[in-house]
Amino acid sequence: MTTFEIHPETAADVPALNALSATAFGPGRFARSAYRVREGVAPAAELSLTGWQDGRIRGGVRFTAIRIGDRRGGLLLGPLVVDPSVAGQGCGKALLLEGIARARDAGFAFVLLVGDMPYYGRFGFRPAVPGTIRLPGPVDPARLLVLELAEGSLDGVSGAVSAYAD
Ligand SMILES: CC(C)(COP(=O)(O)OP(=O)(O)OC[C@H]1O[C@@H](n2cnc3c(N)ncnc32)[C@H](O)[C@@H]1OP(=O)(O)O)[C@@H](O)C(=O)NCCC(=O)NCCS
């Protein structure tokens, strides 16, 4: 597997990351339910990471602090995006593992995302309990995934997801 260097995101990285997101998610990305949660709230700066190989940016991940109902301490993961030219070489995995480790170290209790269970399941994500978590728009329940960083942190959780600046 190729090695990717993981660095904190800087302002200079933003155009390249935006271009990767535009390619991966297309113009419809702004209407996605996860995007609407994040809208207007800055991502957690210490958890915005970029993946590099051969001196070029190859991918990035961001997390935004959220509450579900009145349960704070969560993160919404996204976007995670990797340059298709290096797909399957471990950049996504490296970004996810580093981001999740930093999130745990920073004291966050759980991570929520909208994505493919066949990909995220290998990192410990599981489908949320159906009908318990509401986003500001439709989401396929099979794609609404959660990961507890602190055991039991999602016990009994329910309600609307909203972002807050930490
Ligand atoms: C999903 C994505 C981030 C994966 O990044 P990556 O660097 O290619 O992934 P990795 O190298 O860490 O992992 C590759 C493995 O995941 C699998 N995989 C990749 N995308 C997958 C998906 N959507 N569903 C299931 N498995 C997937 C690959 O088949 C490969 O499997 P293997 O290890 O058994 O060979 C990348 O393909 C991407 O940017 N996709 C478009 C944007 C997107 O869907 N983002 C996630 C939703 S927010």
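Attention here is on the structure that accompanies the text. (Residues numbered from 1 in each chain as written. Predicted model: local features only at pLDDT ≥ 70, side-chain atom pairs only at ≥ 80, totals over all residues.)

Before going further, it helps to examine the overall build of the chain. From N to C terminus, the chain includes four helices and nine strands. Secondary structure elements of the chain, listed N to C terminal, follow the sequence β-α-α-β-β-β-α-β-α-β-β-β-β. Computed over the C-alpha atoms, the radius of gyration of the chain is 15 Å, within 12% of the 15 Å expected from 2.2 N^0.38 for a compact globule of 166 residues. Across its three principal directions, the C-alpha atoms of the chain cover 45 × 35 × 30 Å. A burial count over the chain gives 34% of its 166 residues as buried. Pairs at least 24 residues apart make up 72% of the contacts formed inside the chain by residues separated by at least 6 positions. (Helix = DSSP H or I, 4+ residues; strand = E, 2+ residues; numbered from the N terminus. Rg over C-alpha atoms; globule rule 2.2 N^0.38 Å. Buried ≥ 20, exposed ≤ 12 C-beta atoms within 10 Å, placed from the backbone. Contact = placed C-beta atoms within 7 Å.)

Helix length check: helix H3 (residues 91-105), at 15 residues, gives a terminal C-alpha distance of 21 Å against a target of 21 Å (1.5 Å per residue), a fit within 8%. Of all the residues in H3, the buried ones are Cys91, Gly92, Ala94, Leu95, Leu96, Gly99, Ile100 and Ala103. Where H3 terminates, the next one or two residues include glycine 107, which has phi positive at roughly 95°. (Expected span 1.5 Å × (residues − 1).)

With that settled, the discussion passes to the site of the ligand. Around the ligand, the structure places 17 residues, and the nearest of them are Ala24, Gly92, Lys93, Pro118 and Tyr119. At five residues, strand E4 (residues 71-82) tops the list of elements feeding residues into the shell around the ligand. A breakdown of the residues in the shell around the ligand according to their chemical character gives nine nonpolar, six polar and two charged. (Near = placed C-beta within 6 Å. Nonpolar A, V, L, I, M, F, W, Y, C, P; charged D, E, K, R; others polar.)

Moving on, we get to unusual backbone geometry. Residue proline 79 follows glycine 78 across a cis peptide bond; omega there is -5°. On the secondary structure map, proline 79 appears in strand E4. You will see that aspartate 54, though not glycine, has its phi angle at about 55°, which is positive. Inspection of the secondary structure assignment puts aspartate 54 in the loop between strand E2 (49-53) and strand E3 (56-68).

This paragraph deals with the nonpolar core. Formed by 41 residues in total, the largest nonpolar core has its most connected members in Ile66, Leu75, Leu76, Val111, Leu112 and Val146. Apart from the residues within four sequence positions on either side, valine 146 is in contact with Phe110, Val111, Leu112, Phe125, Arg126, Ala128 and Leu154. (Core = buried A, V, L, I, M, F, W, Y, C linked by C-beta atoms within 7 Å.)

The next point concerns helix H1 (residues 14-25). The terminal C-alpha atoms of H1, which comprises twelve residues, lie 16 Å apart, in line with the 16 Å expected from a rise of 1.5 Å per residue. Downstream of H1 by one or two residues, glycine 26 has phi in the positive range, about 70°.

Okay, the pairing of strand E9 (residues 159-163) next. Residues in a regular strand point their side chains to alternate faces of the sheet. Strand direction decides the pairing type here: E3 and E9, joined by three bridges, are antiparallel. Its bridge partner lying in E9, isoleucine 68 is registered against valine 161. Relative to E9, strand E7 (residues 133-134) runs parallel, the two being bridged by two bridges. When the sheet's bridge partners are listed, isoleucine 133 is paired in E9 with glycine 159. (Pairing = 2+ DSSP bridges.)

Time to look at the environment of serine 85. Of note, serine 85 is situated in the loop between E4 and H3. Taking the C-alpha atoms as reference, serine 85 lies 38 Å from threonine 132; in sequence the two are 47 residues apart.

Now for the pairing of strand E5 (residues 110-114). Burial analysis of E5 places four of its five residues in the buried class, which makes it a mostly covered element. Relative to E5, E4 runs parallel, the two being bridged by three bridges. In the sheet register, leucine 75 faces E5, and the bridge partner there is valine 111. Handedness of the crossover joining E4 and E5 through H3: right-handed. (Right-handed = clockwise from strand over helix to strand, strands pointing away.)

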